[in-house]
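# Analysis of the macromolecular model
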Number of protein chains: 2
Amino acid sequence: MRLLNESNIEDIALGAAVLGTGGGGDPYIGKLMARQAIREYGPVELYTLDELDDDDLIVPTAMMGAPTVMVEKMPNGDDVLNAFKAVGKFIGKPIRATMSIEAGGLNSVVPIYLAARLRLPMVDCDGMGRAFPELQMVTHTLFGINATPMAMSDERGNTVLMETINNKWTETFARSVTINMGAMSMIALYAATVAQLKQCAVAGTLTKAEEIGRTIRNARINEADPVNTVREAVGGFLIFKGKIGDVQRRTEGGFAKGDAFIDGIDEHAGHQLQLSFQNEHLAARIDGEFIVTVPDLIALLDVDTGEPITTEAMRYGYRVAVIAIPCADKWRTPEGIALVGPRYFGYDVDYVPVEERYS
Amino acid sequence: MRLLNESNIEDIALGAAVLGTGGGGDPYIGKLMARQAIREYGPVELYTLDELDDDDLIVPTAMMGAPTVMVEKMPNGDDVLNAFKAVGKFIGKPIRATMSIEAGGLNSVVPIYLAARLRLPMVDCDGMGRAFPELQMVTHTLFGINATPMAMSDERGNTVLMETINNKWTETFARSVTINMGAMSMIALYAATVAQLKQCAVAGTLTKAEEIGRTIRNARINEADPVNTVREAVGGFLIFKGKIGDVQRRTEGGFAKGDAFIDGIDEHAGHQLQLSFQNEHLAARIDGEFIVTVPDLIALLDVDTGEPITTEAMRYGYRVAVIAIPCADKWRTPEGIALVGPRYFGYDVDYVPVEERYS
């Protein structure tokens, strides 16, 4: 067990935004909320899975919706509490801790906020090792763990609780209700025991995010090439450098969808990278050819600072580096590829692990 | 207390379809379900509000959705049980009885089906004295009673439970989820005590429906003019006779919306009535002038048999009589008109009680 203080938040949010592959929410809002809660209620106990009892019940908490909206519409904090408590009341057993369901600026720190406010521990793991846009896209699903009972709450005080026959139905209902709630909701779901999480979760994601964040912070001070430093920290590959040209966005079905077109610079001059996203970056094509796809991670970094750029922050003229990072092993099974691979998102291409292309 | 047997079902469903003003679901399906349940589990005890204790808790049950869909997609019975039980579990107190939330072919008999299967009593009242298309449109809302906790279930086994800050939000969330469930869901909501129902409900609706149904049945045998017999039984006004011409339909936002154009016959020859509906009939215009609007009832009857015709059953060539019926007094307040009057549905006209136009 170690304690998460205000000083940890900055690095966690920064590093998680890299793993968030453009999604998972704007880290700025999440940082404010979590730091404020720690200041008010004290530091949060962070446990590894091995430090808890196998029977302990863990309920993840998160934000659901289009991150584009969240820049303007801030959660009020009571919403995530309401969702968490609704699930707890429904289950009727004590909940030992919360956790992140995904890595991502906001969604790594929402559970920290909740943990601080409720003086509840956190577990150092998540259900993706990255961020994905749809609810069923967690390693829990691969191991037969139900998303429900799931609760979702808005900042007005509305709460919706559901029990569904599979995790795709959870996504369907929750997406509609999220749209009704103003394209954003706070959620609690995927209750699981520590024993189950030892099997299904991606362990150590929070600590990994923090290390990445620390590396970026240090690179700002020490390094000539911050992008390369981050690339090494995440074990990734530099696949492109360029300047953002056109960004086409649409909010569709409650998602922030679109494509960014990046014109190559330096050794990539004369080439163009097309980055397709649905809340998160899904696929990168160079000159029309798929180079990286889900479930591998695609991070967009500011060339000068190494800081990650979220999908909603992409703007014309930004100079960016595109980094590809191998995904967690749990995704690299036929079931994993079926759940979150390129064909699920409509790309007619087989998944090729990024390191096969770049090693 | 009296017992509802199989023999009561036919009259109740028939009469409720008149009060359902074109909506409330196709009675055919509801009759089958309720008769089958009574055959299997025995008759249902029907109480008046005065026969129950003021503290007794009552939870209405119903179908939600576009009746157009229901002709093809039949509820399986377990769905309404699941919804009812989810609300009961959430409240955590014994529920004394169920009731209809509205008059209408299916929605008068769904609670009978549930009551039979659970050997639970029913109360002889409803929340409208007719049918309306949206959840918040019940007299309960006028008296500050919450629609939530509300549960909704589908035939697959999915259940969604919600707690909202007002009944309009209930409608918003539930409509989206109903669409996701296939444009139809089974629901339990508006839990209230008998003391509250004595204040807010429309009493005696089921018995009234049964009497109307019996009248229609007898008219088939005895009467030269079945339409007139029904008109007298409901205390209504004959406003038009004609032949259905064009029927324009669309399923929009989970509702069956549209207009039917009826060309006058007999004393109405040369005139046209436009009947606008959203699940239920909302307004009738003769030659472009509003003649009857919500909250007063508009019933479409087969000229030859006096039987009500639902919005989804309207077809070119049917010879129909249009009957207007004064609504329950509870709707005729400023609050009632604001909730269910013509302007709420987008008609730029003031509500005029039908008997002021026709007496």
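Predicted model only: the values in this text are computed from it and were never measured.

### Description of the interface of chain B and chain A
Facing 16 residues of chain B, the contacting portion of chain A comprises 16 residues. Taken together, the elements giving at least two residues each to the side of chain B that touches chain A come down to β8 (159-163) and α7 (167-180) of chain B. No other element matches the 6 residues that α7(B) contributes to the side of chain B that touches chain A. Examined bridge by bridge, strand β8 (residues 159-163) of chain A and β8(B) share 5 bridges and lie antiparallel to one another. Directly across from Thr159(A), in β8(B), lies its bridge partner Glu163(B).

### Things to note about the domain arrangement of chain A
Residue and element names in this part refer to chain A. Split into domains, chain A comes out as domain 1 (2-205) and domain 2 (225-358). One C-alpha centre belongs to domain 1, the other to domain 2; they are set 24 Å apart. Listed per partner, the contact involves 29 residues of domain 1 and 27 residues of domain 2. At the level of secondary structure, the elements contributing two or more residues to the side of domain 1 that touches domain 2 comprise α1 (6-19), α3 (67-70), α6 (139-142) and α7 (167-180). Among the residues making up the side of domain 1 that touches domain 2, the classes are represented as 14 nonpolar, 12 polar and 3 charged.

### Here's the deal with the sheet that holds strand β13 (residues 255-264) of chain A
All names here are of chain A. A sheet is described by the order of its strands in space; here 7 strands give the open sequence β16-β15-β14-β13-β12-β18-β17, paired in antiparallel fashion. Taken across any chain shown, the strands that pair with only one partner, and hence form the sheet edges, are β16 (289-293) and β17 (297-302). The average angle at which neighbouring strand axes cross in this sheet is 35°, direction not considered. The strands that helix α10 (residues 226-234) touches are β12 (237-252), β17 and β18 (319-325); relative to β18, the one it contacts most, it runs at about 15°.

### Observations regarding unusual backbone geometry
Geometrically, the link from Val294(A) to Pro295(A) is a cis peptide bond, its omega value of 5° lying close to zero. Mapping Pro295(A) onto the fold places it in the loop between β16 and β17. In this chain, Thr148(B) is followed by Pro149(B) through a cis amide linkage whose omega measures 5°. Within the secondary structure, Pro149(B) sits in the loop between α6 (139-142) and β7 (150-153). Even without glycine at this site, Ala183(A) takes up a positive phi of about 70°.

Analysis parameters
- Residues numbered from 1 in each chain as written.
- Chains lettered and ligands numbered in written order.
- Predicted model: local features only at pLDDT ≥ 70, side-chain atom pairs only at ≥ 80, totals over all residues.
- Contact = placed C-beta atoms within 7 Å.
- Helix = DSSP H or I, 4+ residues; strand = E, 2+ residues; numbered from the N terminus.
- Pairing = 2+ DSSP bridges.
- Domains from an automatic or database assignment.
- Nonpolar A, V, L, I, M, F, W, Y, C, P; charged D, E, K, R; others polar.
- Axes fitted to C-alpha atoms, helices over the stretch in contact; angles between N-to-C directions.

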